[in-house]
Amino acid sequence: MARSAIINVMVQAAMKAGRSLSRDFGEVQNLQVSLKGPGDYVSQADRKAEEIIFAELSKARPGYAFLMEERGVVDGEDDQHRWIVDPLDGTTNFLHGLPIFSISIALERQGQIVAAVIYNPAMDELYTAERGGGAFQNDRRLRVAGRSKLSDTVIGTGIPHMGRGHHGNYLVELRNVMAETAGVRRMGSAALDLAYVAAGRLDGFWEIGLSPWDIAAGVLLIREAGGFISDMDGGQTMLESGSVVAGNETIHRALLKTLKTPLAKR
Ligand code: IPD
Ligand code: CA
Ligand code: CA
(Lines give C-alpha, C1' and ligand atoms only; values in the text may rest on other atoms or scores of the structure.)
(Ligands and ions follow the chains in the order given, each with its own letter.)
Protein backbone atom coordinates (compact mmCIF):
# COMPACT_ATOMS: atom_id res chain seq x y z
CA MET A 1 0.00 0.00 0.00
CA ALA A 2 1.42 3.38 -0.98
CA ARG A 3 1.25 5.83 1.91
CA SER A 4 1.17 9.61 1.49
CA ALA A 5 4.18 11.72 2.45
CA ILE A 6 2.53 13.05 5.59
CA ILE A 7 1.51 9.59 6.82
CA ASN A 8 5.06 8.38 6.16
CA VAL A 9 6.43 11.19 8.33
CA MET A 10 4.03 10.30 11.13
CA VAL A 11 4.67 6.55 10.86
CA GLN A 12 8.42 7.09 10.97
CA ALA A 13 8.11 9.21 14.12
CA ALA A 14 5.76 6.70 15.78
CA MET A 15 7.96 3.72 14.90
CA LYS A 16 11.13 5.39 16.16
CA ALA A 17 9.43 6.32 19.45
CA GLY A 18 7.96 2.80 19.51
CA ARG A 19 11.42 1.22 19.37
CA SER A 20 12.45 3.37 22.33
CA LEU A 21 9.32 2.43 24.29
CA SER A 22 9.79 -1.27 23.50
CA ARG A 23 13.35 -1.21 24.89
CA ASP A 24 12.14 0.54 28.03
CA PHE A 25 9.16 -1.80 28.35
CA GLY A 26 11.58 -4.73 28.58
CA GLU A 27 13.36 -3.01 31.46
CA VAL A 28 10.06 -2.16 33.18
CA GLN A 29 9.21 -5.86 33.24
CA ASN A 30 12.51 -6.50 35.11
CA LEU A 31 11.87 -3.64 37.53
CA GLN A 32 8.46 -4.98 38.63
CA VAL A 33 10.06 -6.99 41.38
CA SER A 34 12.22 -4.16 42.75
CA LEU A 35 11.05 -2.39 45.90
CA LYS A 36 11.00 1.08 44.34
CA GLY A 37 9.16 -0.16 41.27
CA PRO A 38 9.52 1.21 37.75
CA GLY A 39 7.69 4.57 38.32
CA ASP A 40 10.54 7.00 37.61
CA TYR A 41 11.78 4.84 34.80
CA VAL A 42 8.37 5.01 33.11
CA SER A 43 8.23 8.82 33.36
CA GLN A 44 11.60 8.93 31.63
CA ALA A 45 10.48 6.49 28.94
CA ASP A 46 7.41 8.66 28.32
CA ARG A 47 9.47 11.86 28.01
CA LYS A 48 12.07 10.16 25.80
CA ALA A 49 9.34 8.97 23.40
CA GLU A 50 7.90 12.49 23.27
CA GLU A 51 11.36 13.98 22.53
CA ILE A 52 11.79 11.58 19.61
CA ILE A 53 8.38 12.42 18.15
CA PHE A 54 8.92 16.15 18.63
CA ALA A 55 12.34 16.02 16.94
CA GLU A 56 11.13 13.88 14.02
CA LEU A 57 8.01 15.91 13.30
CA SER A 58 9.75 19.29 13.72
CA LYS A 59 12.48 18.20 11.31
CA ALA A 60 10.01 16.97 8.69
CA ARG A 61 7.55 19.89 8.97
CA PRO A 62 9.27 22.91 10.54
CA GLY A 63 6.89 25.54 11.89
CA TYR A 64 3.90 23.32 12.65
CA ALA A 65 2.49 23.87 16.16
CA PHE A 66 2.20 21.11 18.77
CA LEU A 67 -0.12 20.04 21.53
CA MET A 68 1.69 17.30 23.43
CA GLU A 69 0.84 15.65 26.73
CA GLU A 70 4.19 16.33 28.42
CA ARG A 71 5.33 19.56 26.72
CA GLY A 72 1.88 21.09 26.41
CA VAL A 73 1.37 23.79 23.77
CA VAL A 74 4.26 24.63 21.44
CA ASP A 75 3.40 27.50 19.10
CA GLY A 76 4.52 27.35 15.48
CA GLU A 77 4.92 29.96 12.74
CA ASP A 78 2.44 27.98 10.66
CA ASP A 79 -0.95 28.75 12.19
CA GLN A 80 -2.76 26.30 9.89
CA HIS A 81 -1.22 23.09 11.24
CA ARG A 82 -0.97 21.47 14.63
CA TRP A 83 0.27 18.08 15.80
CA ILE A 84 -1.66 16.51 18.68
CA VAL A 85 0.51 13.87 20.37
CA ASP A 86 0.32 11.36 23.19
CA PRO A 87 3.76 9.68 23.28
CA LEU A 88 2.55 6.91 25.62
CA ASP A 89 -1.15 6.20 25.99
CA GLY A 90 -1.75 3.46 28.51
CA THR A 91 0.90 4.49 31.05
CA THR A 92 -0.63 2.39 33.83
CA ASN A 93 -0.46 -0.73 31.63
CA PHE A 94 3.12 0.08 30.64
CA LEU A 95 4.06 0.53 34.30
CA HIS A 96 2.56 -2.86 35.16
CA GLY A 97 4.14 -4.73 32.27
CA LEU A 98 0.86 -5.09 30.36
CA PRO A 99 1.58 -4.85 26.62
CA ILE A 100 -1.46 -2.71 25.79
CA PHE A 101 -0.17 0.82 25.18
CA SER A 102 0.22 3.07 22.19
CA ILE A 103 1.60 6.19 20.59
CA SER A 104 -1.03 8.53 19.18
CA ILE A 105 -0.26 11.25 16.63
CA ALA A 106 -2.88 13.39 14.86
CA LEU A 107 -2.45 16.27 12.44
CA GLU A 108 -4.94 19.10 12.50
CA ARG A 109 -5.25 21.44 9.50
CA GLN A 110 -7.34 24.57 10.02
CA GLY A 111 -8.95 22.96 13.04
CA GLN A 112 -9.82 19.70 11.25
CA ILE A 113 -8.10 16.38 11.92
CA VAL A 114 -6.69 15.28 8.58
CA ALA A 115 -4.20 12.52 9.39
CA ALA A 116 -3.85 9.99 12.20
CA VAL A 117 -1.41 7.33 13.36
CA ILE A 118 -1.84 5.04 16.38
CA TYR A 119 0.88 2.46 17.01
CA ASN A 120 1.11 -0.35 19.55
CA PRO A 121 4.82 -1.27 19.54
CA ALA A 122 4.37 -4.36 21.76
CA MET A 123 2.12 -5.99 19.17
CA ASP A 124 3.60 -4.14 16.18
CA GLU A 125 0.13 -2.99 15.15
CA LEU A 126 0.01 0.22 13.17
CA TYR A 127 -3.21 2.11 12.50
CA THR A 128 -3.27 4.95 9.97
CA ALA A 129 -5.94 7.18 8.45
CA GLU A 130 -6.08 10.18 6.21
CA ARG A 131 -9.15 12.32 5.68
CA GLY A 132 -11.05 10.95 2.70
CA GLY A 133 -8.52 8.13 2.21
CA GLY A 134 -9.82 5.40 4.52
CA ALA A 135 -8.41 3.78 7.65
CA PHE A 136 -5.87 0.95 7.74
CA GLN A 137 -4.28 -1.53 10.13
CA ASN A 138 -0.85 -2.12 8.65
CA ASP A 139 -1.95 -2.60 5.00
CA ARG A 140 -5.48 -3.84 5.66
CA ARG A 141 -8.40 -1.49 5.04
CA LEU A 142 -10.56 -1.10 8.14
CA ARG A 143 -14.28 -1.10 8.56
CA VAL A 144 -16.23 -0.80 11.83
CA ALA A 145 -18.14 -3.92 12.97
CA GLY A 146 -21.54 -4.47 11.40
CA ARG A 147 -23.50 -5.74 14.42
CA SER A 148 -26.75 -3.91 14.88
CA LYS A 149 -28.18 -5.39 18.09
CA LEU A 150 -26.71 -4.04 21.32
CA SER A 151 -27.20 -7.51 22.84
CA ASP A 152 -24.56 -8.92 20.41
CA THR A 153 -21.94 -6.28 21.08
CA VAL A 154 -18.70 -6.02 23.06
CA ILE A 155 -18.20 -2.45 24.21
CA GLY A 156 -14.98 -0.82 25.38
CA THR A 157 -14.83 1.79 28.11
CA GLY A 158 -12.51 3.67 30.44
CA ILE A 159 -13.18 3.32 34.16
CA PRO A 160 -12.42 6.51 36.12
CA HIS A 161 -9.81 5.83 38.78
CA MET A 162 -8.60 7.43 42.01
CA GLY A 163 -8.33 11.17 41.63
CA ARG A 164 -10.82 11.33 38.76
CA GLY A 165 -14.38 12.42 39.46
CA HIS A 166 -17.66 11.08 38.01
CA HIS A 167 -17.49 7.72 39.83
CA GLY A 168 -21.19 7.75 40.71
CA ASN A 169 -22.37 8.76 37.24
CA TYR A 170 -20.02 6.26 35.67
CA LEU A 171 -21.52 3.40 37.66
CA VAL A 172 -24.95 4.29 36.33
CA GLU A 173 -23.62 4.29 32.75
CA LEU A 174 -21.82 0.98 33.28
CA ARG A 175 -24.87 -0.63 34.81
CA ASN A 176 -26.95 0.43 31.83
CA VAL A 177 -24.44 -0.82 29.26
CA MET A 178 -23.63 -4.11 31.02
CA ALA A 179 -27.34 -4.93 31.23
CA GLU A 180 -27.78 -4.65 27.46
CA THR A 181 -24.58 -5.96 25.88
CA ALA A 182 -22.60 -9.21 25.54
CA GLY A 183 -19.63 -7.75 27.43
CA VAL A 184 -17.71 -4.66 28.51
CA ARG A 185 -13.90 -4.34 28.21
CA ARG A 186 -11.44 -1.92 29.82
CA MET A 187 -8.20 -2.02 27.81
CA GLY A 188 -6.39 0.94 29.40
CA SER A 189 -5.40 2.91 26.29
CA ALA A 190 -8.15 5.16 24.96
CA ALA A 191 -6.30 5.69 21.67
CA LEU A 192 -6.13 1.92 21.11
CA ASP A 193 -9.76 1.51 22.16
CA LEU A 194 -10.76 3.88 19.37
CA ALA A 195 -8.48 2.08 16.91
CA TYR A 196 -10.15 -1.19 17.96
CA VAL A 197 -13.57 0.27 17.19
CA ALA A 198 -12.26 1.31 13.75
CA ALA A 199 -10.95 -2.25 13.29
CA GLY A 200 -14.24 -3.86 14.31
CA ARG A 201 -12.67 -5.56 17.35
CA LEU A 202 -14.86 -3.53 19.66
CA ASP A 203 -18.41 -2.75 18.56
CA GLY A 204 -18.43 0.50 20.50
CA PHE A 205 -16.70 2.59 23.12
CA TRP A 206 -17.44 5.30 25.63
CA GLU A 207 -15.38 7.28 28.11
CA ILE A 208 -15.46 10.69 29.76
CA GLY A 209 -12.70 12.88 31.18
CA LEU A 210 -10.25 12.30 28.32
CA SER A 211 -7.72 14.76 26.89
CA PRO A 212 -7.41 15.87 23.25
CA TRP A 213 -4.23 13.77 22.74
CA ASP A 214 -6.11 10.61 23.81
CA ILE A 215 -8.83 11.16 21.23
CA ALA A 216 -7.67 13.17 18.20
CA ALA A 217 -6.17 10.36 16.08
CA GLY A 218 -8.91 7.88 17.01
CA VAL A 219 -11.67 10.24 15.90
CA LEU A 220 -10.35 10.23 12.32
CA LEU A 221 -9.70 6.46 12.31
CA ILE A 222 -13.29 5.76 13.30
CA ARG A 223 -14.76 8.19 10.77
CA GLU A 224 -12.58 6.80 7.99
CA ALA A 225 -13.62 3.26 8.93
CA GLY A 226 -17.26 4.27 8.42
CA GLY A 227 -18.03 4.68 12.12
CA PHE A 228 -19.70 7.37 14.16
CA ILE A 229 -18.14 9.25 17.05
CA SER A 230 -19.52 12.05 19.20
CA ASP A 231 -19.48 13.49 22.69
CA MET A 232 -21.96 12.14 25.26
CA ASP A 233 -24.66 14.51 23.95
CA GLY A 234 -24.27 13.48 20.32
CA GLY A 235 -22.34 16.68 19.48
CA GLN A 236 -18.85 17.11 18.05
CA THR A 237 -17.10 18.64 21.07
CA MET A 238 -15.02 15.50 21.81
CA LEU A 239 -11.67 17.29 21.98
CA GLU A 240 -13.04 20.09 24.18
CA SER A 241 -15.36 18.06 26.43
CA GLY A 242 -13.14 14.97 26.68
CA SER A 243 -16.14 12.67 26.31
CA VAL A 244 -16.58 10.15 23.50
CA VAL A 245 -19.16 7.64 22.36
CA ALA A 246 -18.37 5.56 19.26
CA GLY A 247 -19.64 2.67 17.16
CA ASN A 248 -21.30 2.01 13.85
CA GLU A 249 -24.31 4.25 13.15
CA THR A 250 -26.82 1.96 14.90
CA ILE A 251 -24.67 1.06 17.90
CA HIS A 252 -23.55 4.65 18.36
CA ARG A 253 -27.18 5.79 18.52
CA ALA A 254 -28.16 2.92 20.84
CA LEU A 255 -25.22 3.61 23.16
CA LEU A 256 -26.06 7.32 23.40
CA LYS A 257 -29.58 6.39 24.45
CA THR A 258 -28.55 3.66 26.89
CA LEU A 259 -25.92 5.84 28.55
CA LYS A 260 -28.52 8.50 29.28
CA THR A 261 -31.16 6.19 30.74
CA PRO A 262 -31.77 7.16 34.39
CA LEU A 263 -31.03 4.44 36.94
CA ALA A 264 -34.48 4.65 38.52
CA LYS A 265 -36.13 3.27 35.36
CA ARG A 266 -34.12 0.02 35.28
C1 IPD B 1 -5.01 7.28 29.80
C2 IPD B 1 -5.50 6.12 28.97
C3 IPD B 1 -6.66 5.43 29.64
C4 IPD B 1 -7.78 6.38 29.95
C5 IPD B 1 -7.27 7.54 30.78
C6 IPD B 1 -6.12 8.25 30.05
P7 IPD B 1 -2.41 7.95 29.72
O8 IPD B 1 -3.95 7.97 29.16
O9 IPD B 1 -5.93 6.54 27.71
O10 IPD B 1 -7.19 4.40 28.86
O11 IPD B 1 -8.79 5.72 30.66
O12 IPD B 1 -8.31 8.44 30.99
O13 IPD B 1 -5.65 9.31 30.84
O14 IPD B 1 -2.43 8.69 31.03
O15 IPD B 1 -2.02 6.55 29.87
O16 IPD B 1 -1.67 8.70 28.65
CA1 CA C 1 -3.36 9.31 27.20
CA1 CA D 1 0.23 9.65 27.97
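The paragraphs below set out a description of the structure included in this document. Each chain carries its own residue numbering, running from 1 in the direction its sequence is written. Key to labels: chains lettered from A, ligands numbered from 1, both in the order written. Confidence filtering applies because this is a predicted model: local features only for residues at pLDDT of at least 70, side-chain atom pairs given and counted only at 80 or more, and all residues used for totals across whole chains, interfaces and linings. With hydrogens and water excluded, all non-hydrogen atoms of the structure serve as input to the side-chain values.

Attention now goes to the coordination of the calcium ion (ligand 2). Distances decide who is a donor: an N, O or S atom must be within 2.8 Å of the metal, or within 3.2 Å for Na, K and Ca. Water is not included, so sites may look incomplete. Within the protein, the atoms that donate to the calcium ion (ligand 2) are D86 (OD), D89 (OD) and D214 (OD), at distances of 2.1 to 2.2 Å. As a motif over one chain, the donors of the calcium ion (ligand 2) read D-x2-D-x124-D. Here the calcium ion (ligand 2) and the calcium ion (ligand 3) are spaced 3.7 Å apart, linked through D86, which binds each one. Of the two residues, D86 is situated in strand β3 (residues 78–89) and D214 in helix α6 (residues 212–224); the sequence distance between them amounts to 128 residues. For the pair shown, D86 and D214 are each scored as buried. We count a stretch as a helix when DSSP gives it H or I for four or more residues in a row; a strand needs E for two or more, and each element gets its number in order from the N terminus. Think of it in three bands: residues with accessible area under 20% of the maximum for their type are buried, residues over 50% are exposed, and the middle band is partly exposed, with areas taken using a 1.4 Å probe on protein chains only.

This part is about the side chain of T128. With respect to the helices and strands, the residue T128 is situated in strand β6 (residues 125–130). Apart from the residues lying within four places of it in its own chain, the contact partners of T128 are R3, I7, V11, A116, V117, G134, A135, F136 and L221. Any two residues whose heavy atoms approach within 4.5 Å are treated as being in contact.

Attention now goes to the pairing of strand β7 (residues 134–137). Along β7, one buried face is formed by G134 and F136 and the opposite face, lined by A135 and Q137, is buried too. We treat two strands as partners when DSSP finds at least two bridges between them. Pairing between β6 and β7: four bridges, direction antiparallel. Paired with E130 across the two strands is G134, which belongs to β7. The turn joining β6 and β7, which pair antiparallel and follow one another in sequence, is formed by three residues; a positive phi near 85 degrees is taken by G132. Adjacent in sequence and paired antiparallel, β7 and strand β8 (residues 140–141) are bridged by two residues, among which N138 carries a positive phi angle near 50 degrees.

Moving on, we come to the environment of R175. Tracing the chain through its elements places R175 in helix α4 (residues 167–180). Between the C-alpha atom of R175 and that of L259, which follows or precedes it by 84 residues, the distance is 9.1 Å.

Now for the packing of aromatic side chains. Note on aromatic contacts: the rings of Phe and Tyr and the six-membered ring of Trp form a pair at centre separations within 6.5 Å, being stacked when their planes are under 30 degrees apart, edge-to-face when over 60 apart, and tilted otherwise. Applying the stated criterion to the full structure yields seven aromatic pairs. Charge-over-ring placement is defined geometrically: NZ (Lys) or CZ (Arg) within 6 Å of the ring centre, and within 35 degrees of the ring normal. One Lys or Arg, R71, reaches over the ring of F54 and ends 3.7 Å from the middle of that ring. Over the ring of Y196 we find R201; its NZ or CZ atom is 4.9 Å from the centre of that ring.

Attention now goes to the packing of helix α1 (residues 5–31) against helix α2 (residues 39–60). When two helices pack together, you describe them by how their axes are tilted relative to each other and by the distance separating the axes. Axes here mean lines fitted to C-alpha atoms, for a helix over just the part in contact, with angles spanning 0 to 180 degrees between N-to-C directions. At a closest axis distance of 9 Å, the pairing of α1 and α2 adopts a crossing angle of 165 degrees. Compared by their axis directions, α1 and α2 come out roughly antiparallel. The two elements α1 and α2 meet at a crossing, and its hand is right-handed. On the side of α1, the interface is formed by V9, M10, Q12, A13, K16, A17, S20, L21, D24, E27, V28 and L31, while α2 contributes Y41, V42, A45, K48, A49, I52, I53, E56, L57 and A60. The classification used treats Ala, Val, Leu, Ile, Met, Phe, Trp, Tyr, Cys and Pro as nonpolar, Asp, Glu, Lys and Arg as charged, and all other residues, Gly among them, as polar. Classifying every residue of the contact of α1 with α2 gives 15 nonpolar, two polar and five charged. Working definition: roughly parallel below 35 degrees, roughly antiparallel above 145 degrees, roughly perpendicular at 65 to 115 degrees, and oblique for all remaining angles. Here is the rule for handedness: rotate from the far helix to the near one, and if that takes an anticlockwise turn smaller than a right angle the crossing is left-handed, while a clockwise turn gives right-handed.

Moving on: unusual backbone geometry. For D124, which is not a glycine, the phi torsion comes out positive at approximately 50 degrees. Within the secondary structure, D124 is located in the loop between β5 (112–120) and β6. For D124, a relative accessible area of 45% gives the class partly exposed. Here N138, not a glycine, exhibits a phi torsion of approximately 50 degrees, which is positive. Locating N138 in the fold gives a position in the loop between β7 and β8. Judged by its relative accessible area of 31%, N138 falls in the partly exposed class.

This part is about the coordination of the calcium ion (ligand 3). Those protein atoms acting as donors to the calcium ion (ligand 3) are E69 (OE), D86 (OD), D86 (OD) and L88 (O), and they sit at 2.1 to 3.1 Å. With a relative accessible area of 32%, E69 lands in the partly exposed category. With relative accessibility at 1%, the residue L88 sits in the buried group.

Right, let's get into the pattern of salt bridges. Any carboxyl oxygen of Asp or Glu within 4 Å of a side-chain nitrogen of Lys or Arg constitutes a salt bridge here. All told, the structure shown has ten salt bridges when counted by the stated rule. Taking the shortest distance from any N to any O, the salt bridge between R147 and D203 comes out at 2.7 Å. With R147 in the loop between β8 and β9 (154–157) and D203 in the loop between α5 (190–198) and β11 (204–207), this residue pair connects regions lying 56 residues apart in the sequence. Residue classification places R147 among the partly exposed residues on the basis of a relative accessible area of 39%. We classify D203 as buried; its relative accessible area is 5%.

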